[in-house]
Amino acid sequence: MISALQWFVLAVCALITFLRLPAALRGENRSLFGIFLLVTVGMVLSIQWSYTLIDGFLGSYNYANLALRYVVYGTVLLAGYKIVKGFENTHSLRLLLGPVGLAALATICLATAVPFLMANTAGTSVGLATLPDQSGPNRQLIALYTTAGRLYPAYVAACLLPATIKALRSRLPGLVRGGAALLTAGSAAMILLPISDLLPQRLAFIQYIISLVGVLGLMVGLSLIWLGRVAARRGPRNCPSLADAHRGQGQEKIAAEEL
């Protein structure tokens, strides 16, 4: 079931990336295309078949897993910036790119690399769950590495929630609020993911479901806001809700204009 879900999410991510490609080639908001592409690459690195192929090429020391961690960090940072900038939430923006946010990014990047490089990671293993070296010290290093890898997405998600919840409760157009709802769900999933390490082994599959909810919430949420931007370009005549939003919000901008 987990494998089928992963392939389904990969297909959704690849489709969204493909649909966004023509606009990116025209020079329209290439950073949004970059987010979709990074999420797709991350999904490729998460699936056993492609992970085994890529890691074998890199020497079978699970460097593909380390690459996945940093792809995730780059994705959530870029997506987080676009989202809080689009919703004009300066508080969230300071938390994300201010001194605290940059310190969190640097610390977690270091905390990710050090345990990985200290551990014996020989033997390709998706998620590092079945490494040949299962000694106590090596298991602890892998546990530290895994925990560190989930902390930065959780931090970014916590920064996003105030912006997405505020947009969800606003009078912005339906597509934008729908996108904000999915981004809120995805952010909540990313916050829950580190806590899911406490689940018993028999419930470990729940971690995969939470992770996939986070990915889908990000991709589909941003896509709905992108569609809201397309609808906004047609003008108030073809998008009455946008006109209503502007009348009700005063100077508040539609988030899709920034995304």
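Worth saying up front: this structure is predicted, and the values here are computed from it rather than measured. (Residues numbered from 1 in each chain as written. Predicted model: local features only at pLDDT ≥ 70, side-chain atom pairs only at ≥ 80, totals over all residues. Heavy atoms only, no water.)

(A) Spotlight on the side chain of Ser223. When you line up the elements, Ser223 lands in helix 9 (residues 205-233). Polar contacts involving the side chain of Ser223 include one to the main-chain carbonyl oxygen of Met219, which spans 2.7 Å. Excluding its chain neighbours within four sequence positions, the residues that come into contact with Ser223 are Ile16 and Phe36. (Helix = DSSP H or I, 4+ residues; strand = E, 2+ residues; numbered from the N terminus. Polar contact = N/O pair within 3.5 Å; in protein donor to acceptor, adjacent residues only side chain to side chain. Contact = heavy atoms within 4.5 Å.)

(B) Region of the structure containing the nonpolar core. One finds Phe87, Tyr152 and Leu222 to be the most contacted residues of the largest nonpolar core, which totals 37 residues. Residue assignment for this core shows that the elements contributing at least two residues are helix 1 (2-25), helix 2 (30-44), helix 4 (63-86), helix 6 (99-118), helix 7 (136-168), helix 8 (174-195) and helix 9. Examining the composition of this core, we find that seven residues originate from one element, helix 9, more than from any other. The residues touching Tyr152, leaving out its near neighbours within four places in the chain, are Tyr73, Val76, Leu77, Leu96, Gly101, Leu105 and Ile108. Among the nonpolar cores identified, the runner-up in size contains 13 residues, and Ala64, Leu66, Leu68 and Tyr145 belong to it. (Core = buried A, V, L, I, M, F, W, Y, C linked by side-chain atoms within 4.5 Å. Buried < 20%, exposed > 50% of the residue type's maximum accessible area, 1.4 Å probe, protein only.)

(C) Summary view of unusual backbone geometry. Here Asn29, not a glycine, exhibits a phi torsion of approximately 50°, which is positive. Take Asn29: it is sitting in the loop between helix 1 and helix 2. Unlike most non-glycine residues, Ser60 shows phi in positive territory, near 65°. Here Ser60 is to be found in the loop between helix 3 (48-57) and helix 4.

(D) Representation of the packing of aromatic side chains within the structure. Tallied over the full model, the rule gives six aromatic pairs. Pairing Tyr70 with Tyr73 gives two aromatic rings, centres 5.5 Å apart and planes at 85°, and the pair type is edge-to-face. You can see Tyr70 and its partner Tyr73 sitting in helix 4, three residues apart, about one turn around the helix. Its relative accessible area of 3% is what places Tyr73 among the buried residues. Put simply, the rings of Tyr61, Tyr63, Phe116 and Tyr145 pair up and form one aromatic cluster. (Phe/Tyr/Trp six-rings, centres within 6.5 Å; stacked < 30°, edge-to-face > 60°.)

(E) Quick peek at helix 6. Taking 1.5 Å of rise per residue, the 20 residues of helix 6 would be expected to cover 28 Å, and the 29 Å separating its terminal C-alpha atoms lies within 8% of that figure. Among all positions of helix 6, only Gly101, Ala104, Leu105, Ile108, Thr112, Ala113, Pro115 and Phe116 are buried. Where helix 6 is buried, its residues meet helix 4, helix 5 (90-97) and helix 7. (Expected span 1.5 Å × (residues − 1).)

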